[in-house]
Amino acid sequence: MTTSGRLAMLALADARFPGGGHVHSGGLEEATHRGVVTRPEELREFLFGRLHGTGELAAVFAAAATHSAAGGAGRQYWLRFDAELDARTPSPAQRDASRAQGRGTARAGRVAWPSSALDELLAATARPHHATVLGVLLGGSGNGTPRDAAAVAAYLALSGSASAAVRLLGLDPFAANAAVTELGPELDRVAERAADTVGDDPADLPAPSAPALDLLAEAHQRHHREEVRLFAS
Amino acid sequence: MRAEHDHGHNHPVNFDPTVAEPDPFEPASAGDRPLRIGLGGPVGSGKTALTAALCRTLGAEIELGVVTNDIYTTEDADFLIKAGVLDADRIEAVQTGACPHTAIRDDITANLDAVERLQQRHPGVRLVLVESGGDNLTAVFSRGLADAQVFVVDVAGGDKVPRKGGPGVTTADLLVINKIDLAERVGADMEVMLSDAHRMRGELPVIAQSLTDTPRAPEVAAWVRQRLAAGAPAR
Ligand SMILES: Nc1nc2c(ncn2[C@@H]2O[C@H](COP(=O)(O)OP(=O)(O)OP(=O)(O)O)[C@@H](O)[C@H]2O)c(=O)[nH]1
Ligand SMILES: [Mg+2]
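Bear in mind that the values here come from a model prediction, so they are computed numbers and not experimental data.

**Some words on the overall build of chain B**
Thinking step 1. When you go through chain B residue by residue, the secondary structure sums to nine helices and nine strands.
Thinking step 2. Scored against the burial criterion, the 235 residues of chain B give a buried share of 51%.
Thinking step 3. By sequence separation, contacts in chain B at least 24 residues apart represent 79% of the contacts at least 6 residues apart.
Thinking step 4. By element, 53% of the accessible surface of chain B is carried by carbon and sulfur atoms, the whole surface being about 10700 Å².

This is the structure in structure tokens:
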């Protein structure tokens, strides 16, 4: 991995990256309202589900996007890629949350790592999915590998929810942080598996899912209309 | 302490928080997009009341929109709609993930998205007022979001607030000391407040007002008109 690749990877995974991630809890806010997550042990369980549902899907598509961006994929490819990720994200609320973060990450990433690959993607869709943008930034001038992209995407699926748990429940931040880092070996395996699928046609990429997270995302949006939620997802 | 420059001389840099200097950075904005003015300040100081007053006064002169960053509710947006100063579709509410200062300063994504949605619905909008969630004295708007910012404090918070300083009081383009009609009741010395404010802010303007006595906020509206006339500088 080149030096710039490592820095791009770290910057994209940093909670301070200004791509709009801090307003998304990944279903954690809804889970706290239902009393499903109240303690660090439950947060750990929740994060395990995040990693193998949303996280793994994001890892697969981020890795594939890195590979395709480096290979000079064009508009038609990105449209198909986008549709395939949509098809694997059954909750409209989650699709919207992913596109909102994709757009925010592209806005910030365009300044940090401009590339023709990113322009090509944004010409195909102005609001790409989050995982796609992460992959294209790293596959473009971010100089990262598919595995880096997969790891960043999987990590962000955890860190956002963990940070939301601290803000919503006042959880001990050390415990919340440890709940994330304990998943390290698990996250490595997810990233490795994701990197193994690059080069497959988008239609043939894996489709991991977590129906409970889909339902939480939908419930979150419904409740926001009634009693207001702090987070956008 | 001195800051190095590449044009051959140094500028003094002062880290004394009581010494005010205008923000040294060029505001970033484009000629063809609306001017974005941020309204920040502590909880309950009168940001929404001022936003409503500005909508009332300037609404007839110019097309405007409002973005609210309420912490927990849609109170601010609801108030503006009920007050009848703005159509509901000219107001966008942002969810701040329990961190209102992050949403206006460190990561402005959600606010920029909200401004874009307003512009898409109303391509003619020329002024967007962004009200921050009620926050602390250090919460200021990023220059990437606000072309100019107003910091609103009130006399009820005590006459010590201006001399406490913080970036809101010292660097905002305009400091508004609100609710002066209450000064006597809360034992706030207006002379102290104003002289502290001027001492902390140097050349930067300060307006003391009461929205109860002057519900159309004429002085602040005049300041906004000046900003509009100066235009949104090209990015
Ligand atoms: N007496 C008096 N009351 C005022 C004045 N301006 C605002 N208020 C009142 O102060 C209260 C708070 O005003 P808001 O405009 O909601 O304050 P805010 O800064 O938007 O509050 P948050 O959004 O909750 O941080 C309301 O009850 C207003 O009617 C004023 O000049 N004088
Ligand atoms: Mg308000």
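**Remarks on the site of ligand 1**
Residues and elements named next belong to chain B.
Thinking step 1. The environment of ligand 1 is made up of 18 residues, and the closest members are Lys-47, Thr-48, Ala-49, Asp-181 and Leu-211.
Thinking step 2. One nitrogen or oxygen atom from the side chain of Lys-47 is found 2.8 Å from an oxygen atom belonging to ligand 1.
Thinking step 3. Asp-181 is positioned with one of its side-chain polar atoms (N or O) 2.8 Å from a nitrogen atom of ligand 1.
Thinking step 4. In isolation ligand 1 has 650 Å² of accessible area, and contact with the protein removes 68% of it.
Thinking step 5. Among the residues forming the shell around ligand 1, the class breakdown is five nonpolar, eight polar and five charged.

**Comments concerning the coordination of the magnesium ion (ligand 2)**
All names here are of chain B.
Thinking step 1. Protein coordination at the magnesium ion (ligand 2) comes from Thr-48 (OG1), Asp-76 (OD) and Glu-131 (OE), with a distance range of 2.1 to 2.4 Å.
Thinking step 2. Each donor residue of the magnesium ion (ligand 2) belongs to the same chain, and together they define the spacing T-x27-D-x54-E. Here Asp-76 is found in helix α2 (residues 75-82), whereas its partner Glu-131 is found in strand β6 (residues 127-131), with 55 residues between them in sequence. As far as the burial class goes, Asp-76 and Glu-131 line up, both buried.

**Thoughts on the layout of surface pockets**
Thinking step 1. A volume near 900 Å³ is recorded for the second largest pocket.
Thinking step 2. Looking at the second largest pocket, it is lined by 41 residues, and the ones nearest its centre are Ala-232 of chain A together with Glu-92, Ala-93, Gln-95 and Arg-117 of chain B.
Thinking step 3. In terms of residue class, the lining of the second largest pocket is made up of 17 nonpolar, 13 polar and eleven charged.

**Things to note about the pairing of strand β7 (residues 148-154) of chain B**
Look at any regular strand and the pattern is simple: side chains alternate between the two faces of the sheet.
Residue and element names in this part refer to chain B.
Thinking step 1. Within β7, seven of the seven residues are buried, which leaves it mostly tucked inside the rest of the structure.
Thinking step 2. In β7, alternate side chains face the same way, and those of Ala-148, Val-150, Val-152 and Asp-154 on one face and Gln-149, Phe-151 and Val-153 on the other are all buried.
Thinking step 3. Relative to β7, strand β3 (residues 35-40) runs parallel, the two being bridged by four bridges. Among the inter-strand pairings, Gly-40 is bridged to a residue of β7, identified as Phe-151.
Thinking step 4. Sheet topology places β7 next to strand β8 (residues 174-178); five bridges connect them, and they run parallel. Bridge pairing in β8 places Asp-154 opposite Asn-178.

**Overview of helix α11 (residues 211-227) of chain A**
Thinking step 1. For α11 of chain A, with 17 residues, the first-to-last C-alpha span of 24 Å sits near the 24 Å given by 1.5 Å per residue.
Thinking step 2. One or two residues past the end of α11 of chain A sits Val-228 of chain A, with phi positive at roughly 70°.

**Notes on unusual backbone geometry**
Thinking step 1. Its identity as a non-glycine residue notwithstanding, Asn-143 of chain A has a phi of 55°, on the positive side.
Thinking step 2. By relative accessible area, which is 42% here, Asn-143 of chain A ends up partly exposed.

**So, the side chain of Thr-109 of chain B**
Thinking step 1. Looking at the element boundaries, Thr-109 of chain B is found in helix α4 (residues 109-121).
Thinking step 2. Of the polar contacts made by the side chain of Thr-109 of chain B, one reaches the backbone oxygen of Pro-18 of chain A; its length is 3.1 Å.

About the criteria used
- Residues numbered from 1 in each chain as written.
- Chains lettered and ligands numbered in written order.
- Predicted model: local features only at pLDDT ≥ 70, side-chain atom pairs only at ≥ 80, totals over all residues.
- Heavy atoms only, no water.
- Helix = DSSP H or I, 4+ residues; strand = E, 2+ residues; numbered from the N terminus.
- Buried < 20%, exposed > 50% of the residue type's maximum accessible area, 1.4 Å probe, protein only.
- Contact = heavy atoms within 4.5 Å.
- Areas by Shrake-Rupley, 256 points an atom, 1.4 Å probe, with all protein chains shown as cover.
- Near = heavy atom within 4 Å.
- Polar contact = N/O pair within 3.5 Å; in protein donor to acceptor, adjacent residues only side chain to side chain.
- Nonpolar A, V, L, I, M, F, W, Y, C, P; charged D, E, K, R; others polar.
- Donors = N, O, S within 2.8 Å, 3.2 Å for Na, K, Ca; no water.
- 1 Å grid on protein atoms, 1.4 Å probe; cavity = no way out; pocket = protein on both sides within 12 Å on 5 of 7 lines; lining within 4 Å.
- Points joined across faces, edges and corners; volume = space filled by probe spheres on them.
- Pairing = 2+ DSSP bridges.
- Expected span 1.5 Å × (residues − 1).

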